[in-house]
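Listed below, chain by chain, are the residues.
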Amino acid sequence: NAGVTQTPKFQVLKTGQSMTLQCAQDMNHNSMYWYRQDPGMGLRLIYYSASEGTTDKGEVPNGYNVSRLNKREFSLRLESAAPSQTSVYFCASSEAGWGKLNQPQHFGDGTRLSIL
Amino acid sequence: AQTVTQSQPEMSVQEAETVTLSCTYDTSENNYYLFWYKQPPSRQMILVIRQEAYKQQNATENRFSVNFQKAAKSFSLKISDSQLGDTAMYFCAFMNNAGNMLTFGGGTRLMVKP
């Protein structure tokens with residue numbers, strides 16, 4: 001089972017470059033999420049999508065944009081990368097939706113992004 | 001906004017012994033959900049156990065159990081018969097009643113020693 005697939009796994013960018021991180025899930029989940037994890041810290045929510053066609057800001061949305069392309073795919077875009085965005089990025093999905101609460105999130109393997 | 005605090009940055013335990021990881025949280029909500037996730041060196045995030053706030057009974061999953069104290073806003077994880085494969089970062093997480101926001105603590109690095 002593929003679960004949640006993130007591409008790429010590693011990327012190095014120069015300050016000011018743009019980049020899109022891809023995420024796809026094959027579990028027919030309603031909700032998808034993007035997190036960042038900085039060294040020694042827990043994950044922080046950047047954006048989430050409760051259903052196809054909707055997106056909402058999380059705790060740390062500045063500098064990012066997202067697109068819920070369809071039910072399977074949820075991409076994260078850095079328009080002008082900054083060194084402060086160096087982090088490990090995780091995509092997740094869950095069955096959470098109308099009438100379905102308390103659904104655990106399933107995570108991808110992460111993308112390690114370095115911005116020089 | 002909710003906050004989740006894990007006061008133990010690092011812990012170690014001998015193989016086969018029991019260890020308890022602490023977690024406290026702050027919220028004004030009455031209904032919510034709590035999770036423990038494990039992150040081994042492979043970096044995957046693996047769900048260990050979950051607890052609904054409206055359930056008084058503590059959740060258990062094989063060697064993993066929780067001590068949920070709602071009034072104290074405490075949610076500790078007990079690992080019994082520790083195994084070398086339990087070596088990982090452990091994150092406590094809070095999910096709001098709407099089920100769309102998961103807030104993580106800073107993590108506890110657990111080392112199981114042979």
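A. Highlighting the overall build of chain B. From N to C terminus, chain B includes 0 helices and 12 strands. Starting at the N terminus and walking to the C terminus, you meet the elements of chain B as β-β-β-β-β-β-β-β-β-β-β-β. Out of the 114 residues belonging to chain B, those deemed buried represent 48%. For chain B, the share of sequence-separated contacts (at least 6 apart) that also reach a separation of at least 24 residues comes to 54%.

B. Geometry of the packing of aromatic side chains. Scanning all chains against the criterion turns up 16 aromatic pairs over all chains. Taking the centre distance of 5.9 Å and the plane angle of 65 degrees together, the rings of Y64(A) and Y89(A) count as edge-to-face. Separated by 25 residues along the polypeptide, Y64(A) in the loop between β6 (56-57) and β7 (65-68) and Y89(A) in strand β9 (residues 87-94) bring together distant segments of the chain. For Y89(A), a relative accessible area of 0% translates into the label buried. An angle of 85 degrees between the planes, with centres 6.3 Å apart, marks the rings of F91(B) and F104(B) as edge-to-face. Separated by 13 residues along the polypeptide, F91(B) in strand β10 (residues 88-95) and F104(B) in strand β11 (residues 102-104) bring together distant segments of the chain. Each member of the pair, F91(B) as well as F104(B), is classed as buried.

C. Representation of the state of the cysteines within the structure. Residues and elements named next belong to chain A. Counting across every chain of the model gives 2 disulfides over all chains. One disulfide in the model links C23 with C91; its S-S distance is 1.9 Å. One quick way to see it: the torsion about the S-S bond of C23 and C91 is about -75 degrees, and its sign makes the bridge left-handed. Of this pair, C23 sits in strand β3 (residues 19-25) while C91 sits in strand β9, and the two are 68 residues apart along the sequence. Its relative accessible area of 3% is what places C23 among the buried residues. Assessed through its relative accessible area of 0%, C91 is described here as buried.

D. Representation of unusual backbone geometry within the structure. The linkage connecting T7(A) with the following residue, P8(A), adopts the cis geometry, with an omega of -5 degrees. Along the chain, P8(A) falls in the loop between β1 (4-7) and β2 (10-13). If you check the backbone angles, N62(B) has positive phi at about 55 degrees while not being a glycine. The phi dihedral of K73(B) falls on the positive side, at around 55 degrees, and the residue is not glycine.

E. View of the side chain of K38(B). Residue and element names in this part refer to chain B. The residue K38 is located in strand β5 (residues 33-39) in this model. Nearest to the buried, unbridged K38 among oppositely charged side chains is D86, at 4.3 Å. Beyond its immediate sequence surroundings of up to four residues, K38 is in contact with Q44, M45, I46, V48, G85, D86, A88, M89 and Y90.

F. Structural context of the sheet that holds β3(A). Residue and element names in this part refer to chain A. Read from one edge to the other, the open sheet built from 4 strands follows the order β1-β3-β8-β7, with strand pairing classed as antiparallel. Bordering the open sheet on either side are β1 and β7, each of which pairs with just one other strand. Averaged over all adjacent pairs, the angle separating strand axes in this sheet is 15 degrees, with direction ignored.

Cut-offs applied
Residues numbered from 1 in each chain as written. Chains lettered and ligands numbered in written order. Predicted model: local features only at pLDDT ≥ 70, side-chain atom pairs only at ≥ 80, totals over all residues. Heavy atoms only, no water. Helix = DSSP H or I, 4+ residues; strand = E, 2+ residues; numbered from the N terminus. Buried < 20%, exposed > 50% of the residue type's maximum accessible area, 1.4 Å probe, protein only. Contact = heavy atoms within 4.5 Å. Phe/Tyr/Trp six-rings, centres within 6.5 Å; stacked < 30°, edge-to-face > 60°. Disulfide = S-S within 2.5 Å. Lys, Arg positive; Asp, Glu negative; His and termini not counted. Salt bridge = Lys/Arg side-chain N within 4 Å of Asp/Glu carboxyl O. Pairing = 2+ DSSP bridges. Axes fitted to C-alpha atoms, helices over the stretch in contact; angles between N-to-C directions.

On their own, these measurements won't tell you what the molecule is for.
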